[in-house]
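The lines below spell out each chain.
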Amino acid sequence: MSSTLVVQLVISGILLGGIYALSSIGLTLIFGVMKIVNFAHGEFLMLAMYVSFWLFHWAHLDPYLSMLISVPLFFIIGILTYKVFIKKTIGAPILSQIFVTVGLSIIIENLALLFWSADFRTVSLSYLSRPIILGPFSGLGLEEIIVNKARLIAFILGISLSIAFYLFMRFSYLGKVIRATSQDRTTALLMGINIDRVYTISFAMGILLVGIAGALMIPIYTVHPFVGFEFVLIMFVVVVLGGMGSIVGAVVAGLFIGVVEVFSGFFIGPESKQAVYFLVFIAVLVLKPSGLFGEKGEEELERIEAIGE
Amino acid sequence: MSLLKIEKLNVFYGDVQVLRDVSLEVKKGEVATIVGANAAGKSTLLRALSGLLKKASGSIRFNSEELLGLPAFEIAAKGLIHVPEGRRIFPLLTVQENLEIGAYTRRTEGNLKKKLDEVYAIFPVLAEHKGQAAGSLSGGEQQMLAIARGLMAEPTLLMIDEPSLGLAPLLVAKTFQVLERIKGEDVTILLVEQNVVRALEFSDRAYALENGRITLHGTGLDLLKDPYLKKAYLGL
Amino acid sequence: MLEVRNVSKWFGGNPVLKDISFEIHKGEIVGLIGPNGAGKTTLFNVISGFYRPKTGDIFFQGENISRLTPEDICRRGLCRTFQITKPFSNLTVFKNVVIGALSREKGIREAENKAEEILELVEMTPKRDLLGRSLTIADRKRLEVARALATSPDLLLLDEVMAGLNPNELKEMIALVKKLSQRGITLFVIEHIMTVIMGISHRIIALDHGEQICVGSPCDVAEDPKVLEAYLGEDYVAP
Amino acid sequence: MSSGGKRDGIILLAGMAVFALLPLFVKNDFYLDGFILIFVWGAFAGAWNIISGYGGMVSLGHNAFFGIGAYTSTLLFLRQGVSPWIGMWAGAAIASALGIVLGVICFRLRSHYFALATLAFGQVASIIALNWRGLTEGAEGLTLPIRPGFAKMIFATKLGYVYMGLGLLVAVLLITYLIDNSKLGYYLVAFRENEDAARALGVRTGRVRLAAMAISSALSALIGSFYAQYLLYIDPSSVIRIQIAVQVALFAIVGGVGTVFGPFVGALIFIPITIFLRARLGTALPGLHMVIYGGILILVLFYMPKGIYGMLRERFFPSSRIFK
Amino acid sequence: MGKKQWAVIFSIAVMAVFFITGAGHAAGGTWRIGTIYPLTGPLSKNGVKNFDGVKIATQMINDAGGVLGKKVVLVSADAPNPQAAASEANRLITNEKVTCIIGTQASSLSLAATVVAEKNKVFYIETEGVSGLITARGFKYLFRTTFSSGMMSAQMVDYIAKVVAPKMGKKPYDLKIAVIHEDGGFGTAISKGLKARAEGLKLNIVSDLSYSAKATDLSGLVLKLKQVKPDIVLAVQYINDAILFHRQAKELRLKSIIMGTTAGQGNPDFVKALGKDADGVIAFGIPSEFSIKNLSSQPKTDAAEFVKRYKDSHNGAYPSPTSFVGFAGAWILYKFILPRAKSLDPEKLREAALSLDVPKGQGVLNWGIKFAGPGAKNAGQNLRASAGINQWQKGKLRLIWPKEVATADLIVKVK
């Protein structure tokens, strides 16, 4: 096996992983702050892809520019979703938490079907159609390496977005407030923080992030009402491996899963690559529930709180 | 005039009544202490005052304004700040971030800096560790941080729940020194404390809470002298 | 009956129990006192198997139980109650007690009979059909005791079962504890209310900051300067 | 027995009589099909309820057990000529063994994490069913010949299936009732309500949930076997797709988890609604019936957290020994 | 119990009553024919299109005065999964009293629904499900108007041996052929047929890979193919994964000739997504647009009318192949079987169907009609349905085989 092939596999894997990371940050934020697994996250991604598609279709708006509309739009969608559905599940038993978002995903998926039919829709951008060719690097013994533009753009923007988001959470006052709330909501309340508002903003930001992901993904993937389901399971895997709630973890885990997927698709066979990452997922859950890359696991935090009681 | 005046407060946890007809008052600039055995309802009282417990009846007037029924974050914004039992610092935030969150209701660019400087002057040990995750501080330092965080909000009334809990004697003494330093001026203190003697000596006003009712009140020294209190809480 | 040998326990980097050693004999009532945060509940958690000690061993009726799970320790006849009561909130008082009884009784019928008996003993029969979550503090404490009793323990660890009771309820609870002792159950009791603990205990163990500062008869302990200091502060001068 | 005991017994007997006799008078195969679906899904939801309702461990991987049952009996019949009456027990054995393995691995996980792990487990099962073509024929599926015969568990008329389904349902209800009144049931509930207290009282936590998981997965597999005999054609999408796991949970939730009759009531209410919604709206406005379906789920979760049966029971049979 | 709870219960009850009592029957004097297609759920993407073909055929026949003077009325059902397919078949048969059903598009749904129909002795027309299993069960009342997976794969492999290989200047057995397929029923069934036929002709299959149609990345698959450097890749895919595969194959410079099917590569969305890159891609399956021109007169008019109506009702979009076969299935029923049977009695329909003997090119599209009789290995199969082979040329899907109706020649550009 040639070294070119290995490099090509790694690059393909990392680019794919960038997409996974990008689509998962919003989910990890929502879980990190309010301890809710949003089973409808894939459907929001689907909506986001549709928004970019229709803007392209009707207004000939470049998908990358459509973000300017998606961002405020999905922020508002996020706020409404929180107020109408999610708020009631905070502190509710686990069953309600899971199945309210499952119900929401059923509703969104089928509304999309109702309005837009099951047709597959794509956006083709002529300036993306030729890949970037790197090399050959005769010195390294490498032949040409091929990089897909749309995936590269998604990767770069995705990673920059993650970094920006991380910095926002780390250094902005609002970011600190959100982190404080996620660690101890009662005490945050005593500090005068309006928890409900923090939750609203966090959820809306999570949805906004997936709105951006949709715009970046529409040049790569076809959109149809069931596309969310194709991504949501991978998102769960990424978020859990990253240590639920950790942004850095989600990015690293996304890249990791992307590379695992491409390599197992190549070496084990494309039919079993999904099985491979699900097994990795179960193994990590069991052996290291705080995730492969989490700084401090969710479970551990819960224990701290329990002792504090 | 009373800064805080509570009348006939009844508080429930679910179906269970924890406080019964509690009435008390705290005047501006005072230190008031609530003593009582475990599970007598001391922490419940503070939680009810800060709006964490919603099932309550009666009246809580702060600066002549009714607080009962307001959400907790609005009560905090009015300057009634609760330093909870068990410290409850944000373990993954740095010391400085904890303090910044403390100033949530009073944050403006300039103010934040000024308050930080003031607080670091009172608690030099926190300045030393300001970039460190708060969870890695020792118990005493965490208690200092919790109080400092409360001060960041420029409280009118600071309610402190069991500040000496689990601290070594030296640190307990230190905690009381700090309380001594911050009391007066603009800060009124409502203290819940198990270190009865220390706390009562230090208080202008004291209440004994027993099984959800106020059974004694008076100045700190009055209570300390009261034979009933000694019998009930000190076993002497 | 119970022997604790050189037990210590750490949380993170902090010691919460340091080198604790003592014995409890059959039929005794032993009190465990100390200010908040002294490590009393932690010691109970270690003895009952919820925490593993960092060092040291615990022997119950001659057997080393320091590596056993709480459920196995309970089945050997050592049961504990919780300071923060943990009723099965959506079950009736009766069912709460039946669950306790099931660990020793063969079938449901036997456990139910046992539960009726226990409820009678703790005088909770009128409340048998109330849900766990709707009980008052006093009743929750009582339920804790009833449930633990239903497991037919030889040694019962009671964690602050009297805190938060009014004088009447307190009197009843003290009577109950004495009744249990008369029935041959050895008792190890954490209690804050000094008058009570001094009154009922044969011996007292005092903890402060994880250290065992004093063991002895109630009178000795009450006089011990270390105990006074721990409770009342260093500059408290005994009158 | 409580004062309403007699009344409750009569109501129960009357209900049973309705379900046992009504099919005899229904000559319409479509309605009989509805009965069968209600019985199958009611029974399956009941099986799910044992671990997820009583045990409090929410499983999203029960599609795997259902599918294992369907595949095992079908394969044994097609390849070895083993009667499904025997094959279904083989499926149950395999499923409960897997259930125990899954339990040993995953029971230490809490709430969301357990749900996600089981979700992944179900997905892996479905990927295996798709790709182990030598065994399962993959997506092409397996067809059972339509040659009715009692030994093959293939009935000439719907009535045979109706009563077989009813039998399974009654078995599940009975088992759940017995669990509810047994040590296992008490322990499961104790464990769900408060783990520490349960352990302090001598409840062997590990074993209790494993036993519940074994029973739950075995029953799911039995029902899966029967369902395969009814469909006469199975493929991964019909017996092991993830939507099955979601749907079974949904019925139990709408009816009331942690109760004996709740899951069945959920199926009883929801299956007719599903069928009729689909029939009335499915072709005119594709998707609308699923929107309504999702909406009902959310409404029930918000306003009747104990489920429809759970709420009615609290209102009308608060301390019944029968309506549990 | 609060008011809200009662409100929820009440609304559920009202809805239940509304839907249970609402089922009505149309008046007499019409042909009531049931349809079962997946209109929701992941299978609906093709199900809806297939059903569109049936609906337009029905419109056309009714506008032309119906069958024997009576209009056709469709009683339609939605079957997102096999369980629903079986249940809906039951409903149509027992509630709606339908004795003739058109369906089901996806093989797995067909297998479940046709069992119910057969048990109830109801006449069933399968318009698109290609799995060999469907007709392998010896059902008496089941007729498949379209070709089976076996027929299609055989034609596909034969074409490679007879036409493609010479055009590439190679002997058939020198060609390196790779098979890739999505792991659902469709991909599995067709690829099985391909492999069987290729083995029969001693062709050289160098690689056989499957993957999930839901895959979000196929670069591993493409790179794996690149390693064995096949001359031809036979790709049995749906549209979603076909687009993904072609995009990644092109990018990673897989230099093979790719031959897909009309379910994937033949879909109009394919060219929309790939633009010029679609050129040269071959799609087996249902004959595409230009077959119409060379058809014998009646089928030509019918097909042209169908295309016109489809475009009118779909914003000018050209019908996808799956709509064509939907149309063809319904058309065979309306124009050939029903007029002979003169009744919806399944026995009569069955006799009429079995008695048909329409030569190739005279039926619908370029098909003839001759159903395999009972006792045959593939009882109920229309033996004269044939797949076509299309190729994208300059953005148009042109028919390159069968020769007699082809509109263009195969273009092979060895990259």
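Just so it is clear, the model here is predicted, and its values are computed rather than measured.

## Some words on the overall build of chain A
Item 1. Looking only at helices and strands, chain A features twelve helices and two strands.
Item 2. Ordered by position from the N terminus, the helices and strands of chain A form the series α-α-α-α-β-β-α-α-α-α-α-α-α-α.
Item 3. Over its C-alpha atoms chain A spans a radius of gyration of 20 Å, differing by no more than 12% from the 19 Å that the globule rule assigns to 309 residues.
Item 4. Dimensions along the principal axes, computed over C-alpha positions, put chain A at roughly 65 × 45 × 35 Å.
Item 5. Taken across its 309 residues, chain A has 64% of its residues classed as buried.
Item 6. Accessible area for chain A stands at about 10300 Å²; split by element, carbon and sulfur atoms hold 70% of it.
Item 7. A gap of 8 Å separates the mean positions of the 17 positive and 18 negative side-chain charges of chain A.

## Quick word on the sheet that holds strand 9 (residues 257–261) of chain E
Residue and element names in this part refer to chain E.
Item 1. The sheet built from seven strands is open, its strands ordered 7-6-8-9-10-11-12 with mixed pairing. The open sheet has two edge strands with one neighbour each: strand 7 (204–211) and strand 12 (396–401). Within the sheet, the average angular offset between the axes of one strand and its neighbour, ignoring direction, is 25°.
Item 2. On top of the sheet, helix 7 (residues 185–200) reaches strand 6 (176–182), strand 7, strand 8 (232–236) and strand 9; it is set at about 160° to strand 6, its chief contact.

## Some words on the interface of chain A and chain B
Item 1. Counting residues at the interface gives 20 residues for chain A and 23 residues for chain B.
Item 2. In total, chain A and chain B occlude about 2400 Å² of area from one another, counting both sides; carbon and sulfur atoms represent 65% of this.
Item 3. Area buried by chain A at its contact with chain B is led by Tyr173(A), Leu190(A) and Met191(A), which between them contribute 32% of it.
Item 4. Seen at the junction of chain A and chain B, the total is four salt bridges.
Item 5. Salt-bridge contacts for Glu100(B) lead to Lys176(A); the nearest nitrogen and oxygen are separated by 2.5 Å.
Item 6. Inspection of the region where chain A meets chain B yields seven residue pairs in polar contact (both at pLDDT 80 or more).

## Re the state of the cysteines
Item 1. Counting across every chain of the model gives zero disulfides over all chains.
Item 2. The thiol sulfur of Cys214(C) is not disulfide-bonded, and the nearest other cysteine sulfur, from Cys219(C), lies at 12 Å.

## Brief notes about the interface of chain D and chain E
Item 1. Across the contact, 52 residues belong to chain D and 48 residues belong to chain E.
Item 2. Considering only the side of chain D, the residues that lose the most area to chain E are Glu140(D), Arg278(D) and Arg280(D), jointly responsible for 15% of the buried surface there.
Item 3. Counting every contact that joins chain D to chain E gives three salt bridges.
Item 4. In this structure, the salt-bridge partner of Glu88(E) is Arg278(D), at a minimum N-O distance of 3.6 Å.
Item 5. For the pair chain D and chain E, the interface holds eight residue pairs in polar contact (both at pLDDT 80 or more).
Item 6. When residues of the side of chain D that touches chain E are traced back to their parent elements, those giving at least two are helix 2 (29–54), helix 5 (111–131), helix 7 (158–180), helix 10 (205–231), helix 11 (236–239), helix 13 (262–281), helix 14 (288–303) and helix 15 (307–316) of chain D.
Item 7. When grouped by side-chain class, the residues that make up the side of chain D that touches chain E number 31 nonpolar, ten polar and eleven charged.

## Let's talk about the pairing of strand 4 (residues 123–126) of chain E
Residues and elements named next belong to chain E.
Item 1. Side chains Phe123 and Ile125 of strand 4 all project onto a buried face; the interleaved residues Tyr124 and Glu126 project onto the opposite face, where all are buried too.
Item 2. Strand direction decides the pairing type here: strand 3 (residues 100–103) and strand 4, joined by four bridges, are parallel. Across the sheet, the residue bridging to Ile101 is Tyr124, located in strand 4.
Item 3. In this region the chain leaves strand 3, passes through helix 4 (residues 107–119) and returns to the parallel neighbour strand 4; the handedness of that crossover is right-handed.

## Notes on the pattern of salt bridges
Item 1. Using the criterion set out here, one finds 54 salt bridges over all chains in the structure.
Item 2. Of the charged contacts, one joins Arg199(D) and Glu71(C) as a salt bridge, the two residues approaching to 3.0 Å between their closest N and O atoms. Of this pair, Arg199(D) sits in helix 9 (residues 195–200) while Glu71(C) is found in helix 2 (residues 70–75), placing the two residues in two different chains. As far as burial versus exposure is concerned, Arg199(D) and Glu71(C) are alike and both buried.
Item 3. One salt bridge connects Glu88(E) with Arg91(E), and the closest N-O pair in it is separated by 3.1 Å. Taken together, the residues Glu88(E) and Arg91(E), both in helix 3 (residues 82–95) and three residues apart, mark about one turn of the helix.
Item 4. A residue is classified by how much of its surface remains accessible, and Glu88(E), at 0% relative accessible area, is buried.
Item 5. Through salt bridges with shared partners, a single ionic network connects Arg278(D), Arg32(E), Glu88(E), Arg91(E) and Glu96(E).

## Description of the confidence of the model for chain D
Item 1. When pLDDT is averaged along chain D, the result is 88, and 99% of the positions lie at 70 or above.
Item 2. In the model output, the complex is listed with pTM 0.88 alongside ipTM 0.87.

## Here we look at the environment of Pro23(D)
Residue and element names in this part refer to chain D.
Item 1. The topology assignment puts Pro23 in helix 1 (residues 5–25).
Item 2. Separated by 32 residues in sequence, Pro23 and Gly55 have C-alpha atoms that sit 34 Å apart.
Item 3. Apart from the residues within four sequence positions on either side, Pro23 is in contact with Val18, Leu32, Phe35, Leu159, Val162 and Tyr163.

## Description of the arrangement of the chains
Item 1. Considering every one of the seven pairs of chains in contact, the largest contact total is recorded for chains D and E.
Item 2. Across the gap from chain B to chain D, with no contact made, the nearest C-alpha atoms are 17 Å apart.
Item 3. These two, chain B and chain E, are apart from each other, with no contact and a minimum C-alpha gap of 18 Å.

## Some details on the packing of helix 12 (residues 242–255) of chain D against helix 14 of chain D
All names here are of chain D.
Item 1. Remark: helix 12 packs on helix 14, axes separated minimally by 10 Å, with the N-to-C direction vectors making an angle of 45°. When the axis of helix 12 is compared with that of helix 14, the two are oblique. Between helix 12 and helix 14 lies a crossing of left-handed hand. Contacts between helix 12 and helix 14 involve Gln247, Leu250, Phe251, Ile253 and Val254 from the former and Tyr293, Leu297, Val300 and Leu301 from the latter.
Item 2. Its residues placed into classes, the contact of helix 12 with helix 14 shows eight nonpolar, one polar and no charged.

Conventions and cut-offs
- Residues numbered from 1 in each chain as written.
- Chains lettered and ligands numbered in written order.
- Predicted model: local features only at pLDDT ≥ 70, side-chain atom pairs only at ≥ 80, totals over all residues.
- Heavy atoms only, no water.
- Helix = DSSP H or I, 4+ residues; strand = E, 2+ residues; numbered from the N terminus.
- Rg over C-alpha atoms; globule rule 2.2 N^0.38 Å.
- Buried < 20%, exposed > 50% of the residue type's maximum accessible area, 1.4 Å probe, protein only.
- Areas by Shrake-Rupley, 256 points an atom, 1.4 Å probe, with all protein chains shown as cover.
- Lys, Arg positive; Asp, Glu negative; His and termini not counted.
- Charge placed at Lys NZ, Arg CZ, Asp CG, Glu CD.
- Pairing = 2+ DSSP bridges.
- Axes fitted to C-alpha atoms, helices over the stretch in contact; angles between N-to-C directions.
- Contact = heavy atoms within 4.5 Å.
- Buried area = accessible area lost by both parts, 1.4 Å probe.
- Salt bridge = Lys/Arg side-chain N within 4 Å of Asp/Glu carboxyl O.
- Polar contact = N/O pair within 3.5 Å; in protein donor to acceptor, adjacent residues only side chain to side chain.
- Disulfide = S-S within 2.5 Å.
- Nonpolar A, V, L, I, M, F, W, Y, C, P; charged D, E, K, R; others polar.
- Right-handed = clockwise from strand over helix to strand, strands pointing away.
- pLDDT = per-residue confidence, 0-100.
- Parallel < 35°, antiparallel > 145°, perpendicular 65-115°, else oblique.
- Left-handed = near helix turned anticlockwise from the far one by under 90°.

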